[in-house]
Amino acid sequence: MVKGWENPPDTNLVKKEIDNLHMWCGIFHRERGETDVAFPGEEYWSNLPSNISINDFYSWTISSDFEYMYNLDIPLEVFFGEINDMPVTVVDNGSYLFYLVIDYIPPSELNNLIIAFILAIVFIIGLYLFIRRYLKPVQLMKNRIESLETGDLHSKIKIIGEDELADLSFSMNKLIKEINTLLENKHQLLLEVSHELRSPLARMQLLIAMMPDHKNLSKLKEEVEFLEGMIENLLLSDRLSLPYSKLDLQKFSTKDIIAKVMDMFPSNRDRVKIENYIPDVLINIDETKFSLALRNLLDNGFKYSKLDDGEDIQLKVVQNGEIEFQVKDSGIGISQEDIKKLTQPFFQANQTVSTRGFGLGLTICKKIIESHKGHLSIKSKPGEGSVFILHIPKI
Ligand code: ADP
């Protein structure tokens, strides 16, 4: 083939033939002496890979060795060698040296590679679809847990197949049903007990109203009202602790919600100093429940503060990443130890204070704010006052 390229070589022919062979070729002109070579000029075609320099041609075998060993007749002088791990063959036709470099993937191999690649992709997609189908019950269980979190205690997971995952789905359905029954029973029991308690209380109230004036009458009245209040709070706390109970969420500006809560305290209105830094910011809340939480905090502020201080409660609304409703009083404060227990049902600190409560207000507050995906934080120092903060996420 090299012989056919003639002397000087027909570069068009060389290029065509070399392209067909998927090789690179560099043509050098022998100039001085036997070993010195030089690029023959622009008219000669050369596209050796850039990492090949002819000086690197370090190991070679001459064709006469092969002629001798294998009894061959090679018409031109040929050197076989290696540069940068690439096999290079140099064919010398007298005036010109042809550096032939083989570094290509034969088309068949390339095709095989493409086919293997496509097969791998198809296999991966197939495997993905198979795993997805196999793990479908897991996805259904995940969806079920999510719906459970939003208050759905009734729907069921669809059972697919008869394997372990199907058993698990079945057990989960059973478990949710049992939880639901337990919760309903507890709720029902509480309703019945409170109903049973309320009837004698109503009769007692009637009797008190009919009783002639007595120095202990108002105390008796207070006790009955206290019992009634306790039943009401217990029922409310139970309603709010129904796990995942749904909220009636709507958007309200902080200004509107404060106005609504302040309307609940017509007589104590002047004791509250309002500082709303974000009056127009909207929050996503269940109006009744959120107002109740804020009202409880203000109520406590009034209850556990000295009356003679005038404007002694501060209601501050700020945005610190989330929205904060801060209720600050300069009242009796709470010890660090008691702070940790405040949100436990029926816990009451400061029993020396003459106010009466049920120890449920802060429990209710905590439940309400947590169902809004927020939290309640408390800072206090005995004798100096307290800050109760309702943190609620921004929309
Ligand atoms: P209640 O006020 O009906 O007892 P709460 O759950 O609202 O129930 O409060 C629990 C306890 O936390 C109260 O008994 C009181 O000792 C303490 N507490 C709540 N708020 C304050 C406050 N602002 N200052 C001091 N103590 C407080």
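See the structure printed just above.
Residues numbered from 1 in each chain as written. Predicted model: local features only at pLDDT ≥ 70, side-chain atom pairs only at ≥ 80, totals over all residues. Heavy atoms only, no water.

**Describing a nonpolar patch on the surface**
We count it as follows: Grouping into patches uses exposed residues only, defined as over 30% relative accessible area, and leaves out salt-bridged ones; the cut-off is 9 Å for like charges and 5 Å for nonpolar side chains (Val, Leu, Ile, Met, Phe, Trp, Tyr). Areas reported as accessible are Shrake-Rupley estimates using a 1.4 Å probe. Residue values count occlusion only from the protein chains shown. Here, a salt bridge means any Lys or Arg side-chain nitrogen found within 4 Å of an Asp or Glu carboxyl oxygen. Helix and strand assignments come from DSSP, with helices taken as H or I runs of at least 4 residues and strands as E runs of at least 2, each series counted from the N terminus.
On the surface, L110, I114, F117, I118, I121, V122, I125, Y128 and L129 cluster together into a nonpolar patch covering about 880 Å² of accessible area. By the element assignment, I118 lies in helix α3 (residues 107–134).

**Concerning the pattern of salt bridges**
Heads up, the rule is: Residue burial is assigned from relative accessible area. The probe radius is 1.4 Å, only protein chains are included, and a residue is buried under 20% of its type maximum, exposed over 50%, and partly exposed in between.
On inspection of all chains with the given rule, the structure shows 7 salt bridges. A salt bridge links K289 to D286; the shortest N-O distance between them is 3.9 Å. On the basis of relative accessible area, K289 is assigned to the partly exposed category, the value being 22%. One salt bridge in this structure joins E370 and K366, with 3.5 Å as the shortest N-O distance. A residue pair is termed a helical-turn pair when its members lie 3 or 4 positions apart in one helix, as E370 and K366 do in helix α10 (residues 361–371) at 4 residues. By relative accessible area, E370 is classed as partly exposed at 40%.

**Observations concerning a positive patch on the surface**
Where we set the bar: Charge counting follows a simple rule: Lys and Arg are positive, Asp and Glu are negative, and His as well as the terminal groups are ignored. Note on charges: their place is set at NZ of Lys, CZ of Arg, CG of Asp or CD of Glu.
Together, R132, R133, K136 and K158 make up a positively charged patch on the protein surface. Classification of R132 by relative accessible area gives exposed; the value is 53%.

**Observations regarding the packing of aromatic side chains**
Applied cut-off: Pairing of aromatic side chains here covers Phe, Tyr and the six-membered ring of Trp, requires ring centres within 6.5 Å, and sorts the geometry by plane angle: under 30 degrees stacked, over 60 edge-to-face, intermediate tilted.
Here the structure, examined in full by the defined rule, presents 7 aromatic pairs. Centre to centre, the rings of F66 and Y70 are 6.0 Å apart; their planes meet at 20°, and the pair counts as stacked. Taken together, the residues span about one helical turn, with F66 and Y70 both in helix α2 (residues 63–70) at a distance of 4 residues. Classification of F66 by relative accessible area gives partly exposed; the value is 23%.

**Concerning helix α4 (residues 136–149)**
Quick reminder of the rule: In a helix, the anticipated span is given by 1.5 Å times the number of residues less one.
Across its 14 residues, α4 extends 20 Å between first and last C-alpha, which sits within 8% of the 20 Å expected from 1.5 Å per residue. Remark: G151 follows α4 within two positions and exhibits a positive phi of approximately 105°.

**A short note on the sheet that holds strand β11 (residues 322–329)**
As a reminder, the rule being used: Two strands are counted as paired when DSSP detects at least two bridges linking them. Angular values range over 0 to 180 degrees, each being the angle between N-to-C directions of two axes fitted as lines to C-alpha atoms, with helices fitted over their stretch in contact.
Judged by pairing direction, the sheet is mixed, and its 5 strands sit side by side in the order β8-β10-β11-β13-β12 without closing on themselves. The outermost strands of the open sheet, each flanked by one partner alone, are β8 (272–276) and β12 (375–381). Within this sheet the neighbouring strands show an average axis-to-axis angle of 15°, counted without direction. Of the pairings in the sheet, the one linking β12 to strand β13 (residues 385–392) comprises 7 bridges and is antiparallel in character.

**Looking at the packing of helix α7 (residues 254–262) against helix α8 (residues 287–303)**
Angle between the axes and distance between the axes are the two parameters that describe a pair of packed helices. For clarity, the cut-off: Orientation categories follow fixed angle ranges, with anything under 35 degrees roughly parallel, anything over 145 roughly antiparallel, 65 to 115 roughly perpendicular, and all other angles oblique. By convention, the crossing between two helices is left-handed when the near helix turns anticlockwise from the far helix through less than a right angle, and right-handed when the turn is clockwise. By definition in these notes, contact holds between two residues if any of their heavy atoms fall within 4.5 Å. Any residue outside Ala, Val, Leu, Ile, Met, Phe, Trp, Tyr, Cys, Pro, Asp, Glu, Lys and Arg is labelled polar, Gly included; the first ten of those are nonpolar and the last four are charged.
Running from N to C, α7 and α8 cross one another at 60°; their axes reach a closest spacing of 10 Å. Accordingly, the angle class assigned to the pair α7 and α8 is oblique. The chirality of how α7 crosses α8 is right-handed. Across the interface between the two elements, I257, K260, V261 and M262 from α7 touch E287, F290, S291, L294, R295 and L298 from α8. Class assignment for the residues of the contact of α7 with α8 results in 6 nonpolar, 1 polar and 3 charged.

**Remarks on the environment of K15**
Note on placement: K15 falls in helix α1 (residues 11–20). In the structure, K15 is positioned 10 residues away from C25 in sequence and 8.1 Å away in space, judged by C-alpha atoms.

**Considering α8**
Here α8 contains 17 residues, and its C-alpha end-to-end distance of 24 Å stays within 8% of the 24 Å for a straight helix at 1.5 Å per residue. Listing the buried residues of α8 in full gives F290, S291, L292, A293, L294, N296, L297, L298, N300, G301 and F302.

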